Amino acid sequence: RGYGTVIARIIQAGAFATGVLILSTQIDLLLEFGRNVQPGESDETDLRLLTAIVELINDIVFEAVTLSGWRIYRASLTGNASGRPPNYEP
């Protein structure tokens with residue numbers, strides 16, 4: 001079976017979701033500090049930026065593994081042209 005389309009859509013959706021997550025994290029930091037912050041400004045901002053980076057990485061990796069596995073599993077069930085599982089009877 002070809003999973004090319006499924007994997008391409010997983011990558012597209014993952015890239016979009018990652019972008020939205022990064023944007024929302026930037027907005028959260030902007031609202032928290034009232035300005036754009038850079039590493040090295042103070043210990044408080046460094047700790048908060050490090051926490052945000054770790055949370056982003058954890059969220060992205062967990063969601064990528066979980067949703068990719070689910071999408072590939074579902075694609076293996078609906079591999080025929082009708083999109084229904086092989087033993088489906090209405």
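Up top is the structure.
Keep in mind it's a predicted model, so treat the numbers as computed, not measured.

A. Highlighting the layout of surface pockets. Within this model, the largest pocket holds a volume of roughly 300 Å³. Together, 15 residues line the largest pocket, and Gly14, Ala17, Glu63, Ala64 and Leu67 are the ones closest to its centre. The dominant element in the lining of the largest pocket, judged by the number of residues it contributes, is helix α1 (residues 4–33), at eight residues. Taken together, the residues of the lining of the largest pocket break down into eight nonpolar, three polar and four charged. Of the voids in this model, the second largest pocket is the one considered here, and its volume is about 190 Å³. Considering the residues around the second largest pocket, the lining is formed by 14 residues, among which Thr25, Gln26, Leu29, Val37 and Leu49 are closest to the centre. Contributions of two or more residues to the lining of the second largest pocket are made by α1 and α2 (43–77). The dominant element in the lining of the second largest pocket, judged by the number of residues it contributes, is α1, at five residues.

B. Representation of the packing of aromatic side chains. Tallied over the entire structure, the rule returns one aromatic pair. Seen in terms of ring centroids, Trp70 and Tyr73 are 5.7 Å apart; in terms of plane orientation they differ by 40°. Their pairing is tilted. Of the two residues, Trp70 and Tyr73 are both situated in helix α2; the distance of three residues between them amounts to about one turn of the helix.

C. Representation of the side chain of Thr45 in the model. Mapped onto the elements, Thr45 comes out in helix α2. Engagement of the side chain of Thr45 in a polar contact is seen with the backbone oxygen of Ser42, the distance being 3.0 Å. If we skip the residues at most four places from it in the chain, Thr45 touches Phe33, Val37 and Gln38.

D. View of the side chain of Thr25. As for its placement among the helices and strands, Thr25 is situated in helix α1. A relative accessible area of 15% places Thr25 in the buried class.

E. A look at the pattern of salt bridges. For the coordinates displayed, the defined rule picks out three salt bridges. The residue Asp28 makes a salt bridge to Arg48 at a minimum N-O spacing of 2.6 Å. Note that Asp28 is positioned in helix α1 and Arg48 in helix α2, a separation of 20 residues in sequence. With a closest N to O distance of 2.8 Å, Arg48 and Glu32 form a salt bridge. Placement of the pair is Arg48 in helix α2 and Glu32 in helix α1, with a sequence separation of 16 residues. On the basis of relative accessibility, which here comes to 43%, the residue Glu32 falls in the partly exposed class. Among the charged side chains, a salt-bridge network with shared partners connects Asp28, Glu32 and Arg48.

Scoring rules and cut-offs
- Residues numbered from 1 in each chain as written.
- Predicted model: local features only at pLDDT ≥ 70, side-chain atom pairs only at ≥ 80, totals over all residues.
- Heavy atoms only, no water.
- 1 Å grid on protein atoms, 1.4 Å probe; cavity = no way out; pocket = protein on both sides within 12 Å on 5 of 7 lines; lining within 4 Å.
- Points joined across faces, edges and corners; volume = space filled by probe spheres on them.
- Helix = DSSP H or I, 4+ residues; strand = E, 2+ residues; numbered from the N terminus.
- Nonpolar A, V, L, I, M, F, W, Y, C, P; charged D, E, K, R; others polar.
- Phe/Tyr/Trp six-rings, centres within 6.5 Å; stacked < 30°, edge-to-face > 60°.
- Polar contact = N/O pair within 3.5 Å; in protein donor to acceptor, adjacent residues only side chain to side chain.
- Contact = heavy atoms within 4.5 Å.
- Buried < 20%, exposed > 50% of the residue type's maximum accessible area, 1.4 Å probe, protein only.
- Salt bridge = Lys/Arg side-chain N within 4 Å of Asp/Glu carboxyl O.

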